[in-house]
Amino acid sequence: MMPLKDKIALVTGAARGIGQAIAWQLASQGADLALCDVQAEWLEDTAAQAKALGRRVESYALDVVNAAAVTEIVARIVADFGRLDVLVNNAGITRDTLLVRMTEEDWDAVLDINLKGAFLVTKAVAKQMMKQRSGAIVNIASVVGLTGNAGQANYTASKAGLMALTKTAAKELGGRNIRVNAVAPGFIRTAMTDKLAEPVKAAMLKLVPLGRPGEPEEVAQAVAFLASDAASYVNGQTLAVCGGMVG
């Protein structure tokens, strides 16, 4: 089964972690890939694995906050591949600290990359998808955008905003057969969460009814479903992949 066969997918923040797992999952289901990260050389491992699956892969250096660069790179991707069928907005950062200690720089950096970046890339890609009258966009949000989380005012605000952007874009683009959905991961095993102190991990796992952290591949499978025709009547939704952390 290759539900994404002949599809062209653009994945931002594809160098590592969840973004890398998403890229590999899309490739395993038949998609050719346009991989983006702020440094193109960071994408070598992701690209190599996807190519080993027999897919065409091109890598692009992209700062998603730079509007001119976004327009240029999306145009180059369309020229290289001829079309764009799937967009996954995964690029994101954290700068965690308590609200009263958070600097404007920390606030702006996270909102710019996590939310403004998704807006800029979606805007550029949507223009191509509107011409095609087809496409699927998947935004990577977070369950903390639904629940809030101490020490992450900037991150939670960016992810809540991304889910609202998802709903609005779905309403605006649905008439052109473009679906826009979000995936909200919970406590996922990544290099970042592996570095957490054991008491912190234990406290977080108490919030998960399944009693274990999720794997990047489990998030990637949800993204691949929303990107595929199997989700052809799913639009404007946020799918929480969190083991039951939120209802």
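Scroll up a little and you will see the structure.
Everything in this summary refers to the structure shown in the same document. Keep in mind that this is a model prediction, so the values were computed, not measured. (Residues numbered from 1 in each chain as written. Predicted model: local features only at pLDDT ≥ 70, side-chain atom pairs only at ≥ 80, totals over all residues. Heavy atoms only, no water.)

## Re the side chain of Arg55
Link 1 in the chain: For Arg55, the location among the structural elements is in the loop between α2 (44-52) and β3 (57-61).
Link 2 in the chain: Of note is the side chain of Arg55, whose polar atom sits 3.5 Å from the backbone oxygen of Gly30.
Link 3 in the chain: The residues touching Arg55, leaving out its near neighbours within four places in the chain, are Met2, Ala27, Gly30, Ala31, Asp32 and Ala50. (Helix = DSSP H or I, 4+ residues; strand = E, 2+ residues; numbered from the N terminus. Polar contact = N/O pair within 3.5 Å; in protein donor to acceptor, adjacent residues only side chain to side chain. Contact = heavy atoms within 4.5 Å.)

## Considering a nonpolar patch on the surface
Link 1 in the chain: On the surface, Leu98, Leu99 and Val100 cluster together to form a nonpolar patch covering roughly 340 Å² of accessible area.
Link 2 in the chain: Along the polypeptide, Val100 turns up in the loop between β4 (86-89) and α4 (104-132).
Link 3 in the chain: Judged by its relative accessible area of 77%, Val100 is exposed. (Patch = residues over 30% accessible without salt bridge, like charges linked within 9 Å, V, L, I, M, F, W, Y side chains within 5 Å. Areas by Shrake-Rupley, 256 points an atom, 1.4 Å probe, with all protein chains shown as cover. Salt bridge = Lys/Arg side-chain N within 4 Å of Asp/Glu carboxyl O. Buried < 20%, exposed > 50% of the residue type's maximum accessible area, 1.4 Å probe, protein only.)

## A look at the packing of helix α3 (residues 67-81) against α4
Link 1 in the chain: The interhelical angle for the contact between α3 and α4, taken along N-to-C directions, is 35 degrees, at an axis separation of 9 Å. In this structure, α3 crosses over α4, and the sense of that crossing is right-handed. The residues of α4 that touch α3, namely those facing Ala67, Val70, Val74 and Val78, are Leu120, Val121, Ala124, Val125 and Gln128. (Axes fitted to C-alpha atoms, helices over the stretch in contact; angles between N-to-C directions. Left-handed = near helix turned anticlockwise from the far one by under 90°.)

## Quick look at the layout of surface pockets
Link 1 in the chain: Size it by volume and the largest pocket reaches roughly 1400 Å³.
Link 2 in the chain: Around the largest pocket, the lining is made up of 46 residues, and of these Gly92, Thr94, Tyr155, Thr190 and Met192 lie nearest the centre.
Link 3 in the chain: At the level of secondary structure, the elements contributing two or more residues to the lining of the largest pocket comprise α1 (17-28), β2 (32-37), α5 (144-147), α6 (153-173), α7 (191-194) and α8 (198-205).
Link 4 in the chain: A per-class count over the lining of the largest pocket returns 25 nonpolar, 15 polar and six charged. (1 Å grid on protein atoms, 1.4 Å probe; cavity = no way out; pocket = protein on both sides within 12 Å on 5 of 7 lines; lining within 4 Å. Points joined across faces, edges and corners; volume = space filled by probe spheres on them. Nonpolar A, V, L, I, M, F, W, Y, C, P; charged D, E, K, R; others polar.)

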